[in-house]
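Here is how the chains run, residue by residue.
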Amino acid sequence: MKQRKIVLLGILLIVTVLLFQNYYLAPRSEAMREEIQSEYGVLQKYEAYLKGSGITDKEIQAAIADMKKLEERLIPEKSEFLSSASMQRMVSELAEKTGLAVLTIRPINVVKEGEFLVVPVYFEGNANIKQISEFLAACEKSAVMLKIDKMSYNVTNMQNPKELRFKIQISGLARTG
């Protein structure tokens, strides 16, 4: 009789442990596993965001460095009149250096664009295609950032098609004072 009670208690204990495992521990562990997986996914998103922000920080630093380089290429004069005169001088020097025969050069009204002044200059003259090409290359390499706004050229003499008449509007950028 006593042995039966012990065996019955043992079976009852085993059934209780199996029921506890099947109805409490298994569902609870599955819920914990799902919660851990979702938290791990959130952690991975944050980690990717932090890595992305590091790249963004580098990109921002590169953009700031580029802006400083660009600001060095602005027309140094702060007033409209002085920046316009400086642009005329630069264009004249570039034209002379490349061999363009400038007939007229005149400033055009300065336009304000936020913190900057767009300083245009119009000039026309005669040159051959090689000289115009050298002028454009010199503009690109200039210490001041220059932009060709308008450009037209025509053959002036049909017997000598290498001689061209050109009209160019070029502008530079200056910071407002």
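Residues numbered from 1 in each chain as written. Predicted model: local features only at pLDDT ≥ 70, side-chain atom pairs only at ≥ 80, totals over all residues. Heavy atoms only, no water.

Engineer: Even after reading the chapter, I still don't get the pairing of strand β3 (residues 116-128), so can you show me in this structure?
Structural biologist: When a strand is regular, its side chains alternate between the sheet's two faces. The sheet contact formed by strand β1 (residues 101-107) and β3 spans six bridges and is antiparallel. Its bridge partner lying in β3, I105 is registered against F123. Pairing of strand β2 (residues 111-113) with β3 involves three bridges; the strand directions are antiparallel. Each bridged residue has a counterpart across the sheet, and for V111 the counterpart in β3 is V118. Joining the antiparallel neighbours β2 and β3 is a turn of two residues, in which G114 adopts a positive phi near 65°. (Pairing = 2+ DSSP bridges. Helix = DSSP H or I, 4+ residues; strand = E, 2+ residues; numbered from the N terminus.)

Engineer: Explanation requested: the side chain of S86 in the structure shown.
Structural biologist: When you line up the elements, S86 lands in helix α2 (residues 80-98). Residue classification places S86 among the buried positions, given a relative accessible area of 5%. Residues in contact with S86, not counting those within four places in the same chain, are I75 and E77. (Buried < 20%, exposed > 50% of the residue type's maximum accessible area, 1.4 Å probe, protein only. Contact = heavy atoms within 4.5 Å.)

Engineer: What should I look at first to understand the pattern of salt bridges in this one?
Structural biologist: Once their charged atoms are close, side chains differing in charge can pair, the charge on each being opposite to the other. For the structure shown, the criterion picks out six salt bridges. One salt bridge connects E71 with R175, and the closest N-O pair in it is separated by 2.7 Å. Of the two residues, E71 is situated in helix α1 (residues 2-72) and R175 in strand β5 (residues 163-175); the sequence distance between them amounts to 104 residues. Of the charged contacts in the structure, one is a salt bridge between E124 and R165, with a shortest N-O distance of 2.5 Å. Here R165 lies in strand β5 and E124 lies in strand β3, a separation of 41 residues in the sequence. Judged by relative accessible area, which is 12%, E124 ranks as buried. Classification of R165 as partly exposed rests on a relative accessible area of 27%. Salt bridges sharing partners connect three or more residues here, namely E71, E115 and R175. (Salt bridge = Lys/Arg side-chain N within 4 Å of Asp/Glu carboxyl O.)

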